[in-house]
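Here's the letter readout for the chains.
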Amino acid sequence: ELKVEQNPLFLSMQEGKNYTIYCNYSTTSDRLYWYRQDPGKSLESLFVLLSNGAVKQEGRLMASLDTKARLSTLHITAAVHDLSATYFCAVDTLPGTGNMLTFGGGTRLMVKP
Amino acid sequence: GAVVSQHPSWVICKSGTSVKIECRSLDFQATTMFWYRQFPKQSLMLMATSNEGSKATYEQGVEKDKFLINHASLTLSTLTVTSAHPEDSSFYICSAASMAGVEETQYFGPGTRLLVL
């Protein structure tokens, strides 16, 4: 059974600081997704990582994938309050079949002014 | 970008009644749609995979007779919660897989919040 674990589960940080969220998964996969969820809302796609060594950046967020270590990271640079949300990683267990995604438990990020 | 809609966004119903939730891909065709359930402060749990023109594939522990899924067309899937009970109260999110382009990805609907009294 595929397991996807995120840590930390909860993160409170000051504006302007940096931090990294980790996503470990237990089986071979070379497709990993990061999503953002605001309270009461659905998921917003942030990054799609499709190969080992993939790195993508959007604003203050940067995601990377190491398929050998079965690890993805989401790095936050100089956090701002608007980044407060819950972040989920998800692993595609059956590529090519319309994505069977298994989600991590989520990391709730709170950025304090 | 690809847009997925859900209807209704909120529903409150009495115990024992059935509730239908629609999921539509607005500007693309989706041969596969997914239904998720999310309890408060928890992650998304896949309930079932819906393929156009065939029976849905349910995840372990999900009752197929309780959660009826119909994928009538390439742009519409419906989830019917039959004889709903308070424990079925949850946030139901659908997604649709887009095969266009290099990056195959799922696009998520805005979710339907169900409260069963």
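Everything discussed here concerns the structure shown above.
In this text, all values refer to a predicted model and were calculated from it rather than measured experimentally.

Trainee: Before we go on, may I ask you to explain the side chain of B:Thr78 in this structure?
Mentor: Residues and elements named next belong to chain B. Position of Thr78 among the secondary structure elements: in strand S8 (residues 76–81). For Thr78, a relative accessible area of 10% puts it in the buried group. Beyond its immediate chain neighbours, meaning those up to four positions away, Thr78 contacts Lys20, Ile21, Glu22, Trp35, Leu68, Ile69 and Asn70.

Trainee: Help me understand the pairing of strand S1 (residues 4–7) of chain B in this model?
Mentor: Two faces make up the sheet, and in a regular strand the side chains alternate between them. Residue and element names in this part refer to chain B. Residues Val4 and Gln6 point to one face of S1 and are all buried, whereas Ser5 and His7, pointing to the other face, are not buried. Here S1 pairs with strand S3 (residues 19–25) via four bridges, running antiparallel. The partner of Val4 across the bridge, within S3, is Ser25.

Trainee: Would you mind showing me how to read the state of the cysteines here?
Mentor: Covalent bonding between the sulfur atoms of two cysteines defines a disulfide. All names here are of chain A. Summed over the entire model, instances satisfying the criterion amount to two disulfides over all chains. Paired through a disulfide, Cys23 and Cys89 show a sulfur-sulfur distance of 2.0 Å. Torsion about the S-S bond of the Cys23 and Cys89 cystine: about 80 degrees, corresponding to right-handed handedness. With Cys23 in strand S3 (residues 19–25) and Cys89 in strand S9 (residues 85–92), the pair connects residues that are 66 residues apart, well separated along the chain.

Calculation notes
Residues numbered from 1 in each chain as written. Chains lettered and ligands numbered in written order. Predicted model: local features only at pLDDT ≥ 70, side-chain atom pairs only at ≥ 80, totals over all residues. Heavy atoms only, no water. Helix = DSSP H or I, 4+ residues; strand = E, 2+ residues; numbered from the N terminus. Buried < 20%, exposed > 50% of the residue type's maximum accessible area, 1.4 Å probe, protein only. Contact = heavy atoms within 4.5 Å. Pairing = 2+ DSSP bridges. Disulfide = S-S within 2.5 Å.

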